[in-house]
Amino acid sequence: MNQMIANDTSTNWNWRSDFTRVPYEVYVDQQLFDLEQEKLFRGPCWHLIGLECEIREPGDFETTYIGTTPIVYSRGPDADVHAFVNRCAHRGARVIRELRGNNPNPSCPYHNWRYDITGNLVSVPMQKGLKGKGGYSEDFSKDCHGLQRLRIHAGVLFATFSEEAPTLREYLGEPIWERIAMIGSKPLRVTGYQRQTVQCNWKLFVENNRDTYHGPQLHSFVPNFGLVNPTERAQVDVEPPHALLTSRLPTDEEGVAKIPAPRGRFELEDTGLSQSINELEDIQVSVVSIFPSSLFTCIRNVRSCRRLIPKDPNTMEIEYIWFGYEDDDEEMREVRRKQNNILGPAGYVAMEDAEVLEMIQNGISRDGAEGFIELGGNGTESTDHFNTEATVRGFWKGYCELMGIETSAEAATEEAG
Amino acid sequence: MNAAVEKFADLERVVSRLNLRYGMSIDEDRLEDWPELFVENGRYIIDPRENRDLGLDGGYWMYYTSRGMMRDRVTALRHVNVFNKHYYRHLSSETFIESVEGDVIASRSNYLVVETNWEGKSQLLSAGVYHDKISIKDGEARFLEKVVVPDSFHTRTAIISPL
Ligand SMILES: [Fe+2]
């Protein structure tokens with residue numbers, strides 16, 4: 001039983017140290033939500049915030065969030081890339097009030113503090129008062145009142161609030177670092193954005209995206225229309241707290257990928273949806289789930305960054321950035337467009353995830369009940385199959401460590417007995 | 001009324017009526033009728049306003065380039081996909097005819113879609129514009145192309161049925 005003591009968020013969850021249970025209360029608890037902002041989103045984690053190709057010209061900016069904090073990423077005058085908090089250093093109003101644009105000198109509407117697009121404070125009205133009266137004291141320095149800056153990593157853009165966070169490469173680990181480098185190895189081109197609110201806790205969505213168990217169960221569109229290739233080779237790399245899911249085409253002796261003819265209960269009347277072009281060596285599916293909440297996915301020819309934005313314990317938003325490459329020809333663009341019918345808010349597959357996660361969220365009552373996560377045993381090791389929930393256990397392992405939540409082996413044996 | 005004005009008013013009625021039939025086929029759960037309002041190689045596209053304004057050519061919510069793709073959607077919704085029971089209610093405005101070339105009409109109308117969930121609670125799902133290309137042959141109007149452009153480019157939960 002989970003008897004949560006409300007005034008101490010980090011202990012008393014009676015959490016099993018093998019992470020085979022998750023107390024449902026963690027999806028609705030406001031205190032825990034606030035602690036997540038501090039320990040994860042503003043803590044020593046890196047967050048995928050966008051793509052460098054979105055901000056080409058000096059003065060270009062894009063906006064998003066890290067956790068609940070609004071941020072801006074931008075191109076400075078010397079082609080340098082920056083990220084800062086979108087909150088005036090004076091009274092906290094949003095300085096930038098568009099999703100994107102070009103503005104070398106954004107200013108806050110409230111008292112007209114002016115900044116440059118790298119976050120420096122440039123001018124302050126009445127700094128010296130008017131006619132010798134009022135104003136700021138002599139020791140007021142604009143250098144001390146810029147917009148709060150983040151550490152940033154260029155290319156596929158990552159940012160962190162933390163000086164203690166390791167380098168991005170150390171944070172991600174070699175397999176994920178290499179996968180991202182491989183996908184970003186030629187110039188990227190953004191093809192579209194999508195935005196969606198889902199009435200569920202953000203952690204449910206992260207678990208869902210690395211959950212290799214639910215795919216063929218929930219998403220029956222894929223097997224029913226024969227879009228599944230049973231000969232693909234699956235690989236789950238659990239790198240707690242991250243996860244890397246890969247599915248590769250089998251190849252013959254000459255290294256030519258083999259694609260069997262589709263077989264299912266139904267036949268597509270228009271097979272445009274199932275046409276794909278081999279472009280990432282033999283990789284058909286690549287899901288990079290970066291702790292806490294970033295996703296970088298390739299499903300056949302569809303590529304996206306997904307930014308997960310927690311709003312409150314019961315609400316999250318998804319911002320998708322869909323992309324291809326600068327050198328895509330019209331045929332490739334059309335293939336990506338058609339395959340995209342699988343994903344996004346109306347997608348054959350993705351719409352089911354949103355519906356199911358909301359059904360979990362609105363079924364939670366704080367009665368001590370727990371989720372059960374034992375497919376593939378109780379470990380977090382990598383596997384050459386998808387029939388495991390090791391990645392989900394890996395998430396909770398990283399989560400409890402960074403959140404400072406105590407776990408106990410007794411909790412495990414007690415329940416088992 | 002002179003003949004030209006009368007002809008124009010007729011076209012407006014024809015287009016409005018086609019949009020009415022479109023909305024009702026979905027609202028009344030006659031999804032199978034929806035693809036039949038299109039010509040064989042007709043296109044049904046939902047292009048959220050953010051992308052359209054930026055001139056981006058991907059990121060569509062739905063991108064169906066044939067009646068076959070629309071029929072596949074209907075098959076999937078009827079037999080395969082998992083989602084909660086819901087009702088859509090379409091309201092489309094009067095039609096603005098942009099151009100008439102031969103038997104092809106280009107028009108715009110505004111729309112609202114209200115969604116009612118399985119517990120009977122209604123909410124606005126989407127507001128936007130239909131950009132339609134319609135052909136009239138043998139007295140019958142069909143969509144050559146329907147591009148739905150939601151102003152509501154941030155949507156909630158899921159778009160299950162056509163907007
Ligand atoms: Fe899923």
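Definitions and cut-offs
- Residues numbered from 1 in each chain as written.
- Chains lettered and ligands numbered in written order.
- Predicted model: local features only at pLDDT ≥ 70, side-chain atom pairs only at ≥ 80, totals over all residues.
- Heavy atoms only, no water.
- Helix = DSSP H or I, 4+ residues; strand = E, 2+ residues; numbered from the N terminus.
- Contact = heavy atoms within 4.5 Å.
- Buried area = accessible area lost by both parts, 1.4 Å probe.
- Salt bridge = Lys/Arg side-chain N within 4 Å of Asp/Glu carboxyl O.
- Polar contact = N/O pair within 3.5 Å; in protein donor to acceptor, adjacent residues only side chain to side chain.
- Nonpolar A, V, L, I, M, F, W, Y, C, P; charged D, E, K, R; others polar.
- Pairing = 2+ DSSP bridges.
- Axes fitted to C-alpha atoms, helices over the stretch in contact; angles between N-to-C directions.
- Phe/Tyr/Trp six-rings, centres within 6.5 Å; stacked < 30°, edge-to-face > 60°.
- Buried < 20%, exposed > 50% of the residue type's maximum accessible area, 1.4 Å probe, protein only.
- Lys NZ or Arg CZ within 6 Å of the ring centre and 35° of its normal.
- Core = buried A, V, L, I, M, F, W, Y, C linked by side-chain atoms within 4.5 Å.
- Parallel < 35°, antiparallel > 145°, perpendicular 65-115°, else oblique.
- Donors = N, O, S within 2.8 Å, 3.2 Å for Na, K, Ca; no water.
- Tetrahedral: all angles 85-135°; square planar, octahedral: opposite > 155°, others 65-115°.

Colleague: Please explain unusual backbone geometry as it appears in this structure.
Modeller: Phi is mostly negative for residues that are not glycine, and the peptide bonds are mostly trans. Backbone torsion omega between P240 of chain A and P241 of chain A reads 5°, so that peptide bond is classified as cis. The peptide bond linking F291 of chain A to P292 of chain A adopts the cis configuration, its omega dihedral lying at 0°. Relative to the helices and strands, P292 of chain A is located in the loop between strand 15 (283-290) and strand 16 (294-299). Positive phi outside glycine occurs at K131 of chain A, with the angle close to 50°. Here K131 of chain A lies in the loop between strand 9 (121-123) and strand 10 (151-153). The phi dihedral of T157 of chain B falls on the positive side, at around 50°, and the residue is not glycine.

Colleague: Just to check I follow, could you spell out the interface of chain A and chain B for this structure?
Modeller: The extent of an interface is frequently quoted as the accessible surface area lost upon association of the parts. Contacts between the two partners involve 40 residues from chain A, matched on the other side by 37 residues from chain B. Of the roughly 3,500 Å² buried between chain A and chain B on both sides combined, carbon and sulfur atoms contribute 51%. Interface area lost by chain A to chain B is led by R337, Y348 and E355 of chain A, which between them contribute 17%. Linking chain A with chain B are 6 salt bridges. Between D57 of chain B and R337 of chain A there is a salt bridge, with its nearest N and O atoms 3.4 Å apart. Between chain A and chain B we count 30 residue pairs in polar contact (both at pLDDT 80 or more) in total. Contributing elements (two or more residues each) for the side of chain A that touches chain B: strand 12 (188-198), helix 6 (221-224), strand 18 (315-325), helix 7 (330-339) and helix 8 (350-361) of chain A. Tallying contributions element by element places strand 12 of chain A first for the side of chain A that touches chain B, with 9 residues. Looking at the side of chain A that touches chain B residue by residue, the classes come out as 16 nonpolar, 9 polar and 15 charged.

Colleague: I keep staring at the sheet that holds strand 11 (residues 156-160) of chain A and nothing clicks. Help me out?
Modeller: Strands belonging to one sheet form pairs held by backbone hydrogen bonds; the direction of such a pair is parallel or antiparallel. Residue and element names in this part refer to chain A. Here we have 3 strands laid out as an open sheet, ordered 3-11-10, and antiparallel in their pairing. Both edges of this open sheet fall to strand 3 (47-51) and strand 10, since each of them pairs with a single strand only. In this sheet, neighbouring strand axes are inclined to one another by 30° on average, regardless of whether the strands run parallel or antiparallel. As paired strands, strand 3 and strand 11 are joined by 4 bridges and run antiparallel to one another. For L51, the partnering residue across the bridge sits in strand 11 and is V156.

Colleague: Any chance you could explain the packing of aromatic side chains here in plain terms?
Modeller: Geometry of an aromatic ring pair is reported as the spacing of the ring centres plus the angle between the planes. Residue and element names in this part refer to chain A. Within this structure, the stated rule accounts for 27 aromatic pairs over all chains. Here the aromatic rings of W13 and W15 are separated by 6.4 Å at their centres, their planes lie at 55°, and the arrangement is tilted. The burial state of W13 is the same as that of W15; both residues are buried. Plain terms: the ring middles of W202 and F395 are 6.3 Å apart, the flat faces sit at 80° to each other, and that makes the pair edge-to-face. Of the two residues, W202 is situated in helix 4 (residues 202-210) and F395 in helix 9 (residues 390-403); the sequence distance between them amounts to 193 residues. Aromatic ring contacts, followed pair by pair, group W13, W15, Y24, Y27, F41, W202, F291, F395, W396 and Y399 into a single cluster. Over the face of the ring belonging to Y65 we find K311, whose NZ or CZ atom lies 3.8 Å from the ring centre.

Colleague: What am I meant to see in the nonpolar core here?
Modeller: Where a protein is soluble and globular, its nonpolar side chains tend to be buried together. Core analysis: the largest hydrophobic core is formed by 130 residues, its most contacted members being W15, F221, W396 and Y399 of chain A together with Y44 and L163 of chain B. Setting aside residues up to four positions removed in sequence, Y44 of chain B forms contacts with Y22, W34, F38, M62, Y63, Y64, M70, K146, V148, P162 and L163 of chain B. One finds F61, I96, C108 and Y115 of chain A within the second-largest nonpolar core, a separate group that totals 14 residues.

Colleague: What is the right way to look at the packing of helix 1 (residues 30-41) of chain A against helix 9 of chain A in this model?
Modeller: Geometrically, a packed helix pair is captured by the angle between its two axes and the distance between the axes. Residues and elements named next belong to chain A. Their axes nearest at 10 Å, the elements helix 1 and helix 9 cross at an angle of 85°. With respect to each other, helix 1 and helix 9 are oriented roughly perpendicular. Residue-level inspection shows L32, L35, E36, K39 and L40 of helix 1 in contact with helix 9, the latter providing Y399, L402 and M403. Grouping the amino acids of the contact of helix 1 with helix 9 by side-chain chemistry returns 6 nonpolar, no polar and 2 charged.

Colleague: So what exactly am I meant to see when it comes to the packing of helix 4 of chain A against helix 9 of chain A here?
Modeller: Residue and element names in this part refer to chain A. Here helix 4 crosses helix 9 at 140°, and the two axes come no closer than 8 Å. Taken together, helix 4 and helix 9 sit at an angle that is classed as oblique. In contact with W202, K203, V206, E207 and R210 of helix 4, helix 9 contributes T391, V392, G394, F395, W396 and Y399.

Colleague: Would you mind going over the coordination of the iron ion with me for this structure?
Modeller: Think of it this way: four donors in a tetrahedron around the metal ideally sit 109.5 degrees apart, and six in an octahedron ideally sit 90 or 180 degrees apart. All names here are of chain A. The coordination sphere of the iron ion contains the protein donors H214 (NE2), H219 (NE2), D353 (OD) and D353 (OD), at a distance range of 2.0 to 2.4 Å. Metal-centred angles of 56 to 151° between the 4 donor atoms at the iron ion mark the site as irregular. Mapped onto the polypeptide sequence, the residues donating to the iron ion form the spacing pattern H-x4-H-x133-D. Note that H214 is positioned in the loop between helix 4 and helix 5 (215-218) and D353 in helix 8, a separation of 139 residues in sequence. Under the relative-accessibility criterion, H214 is labelled buried at 16%. A relative accessible area of 10% places D353 in the buried class.

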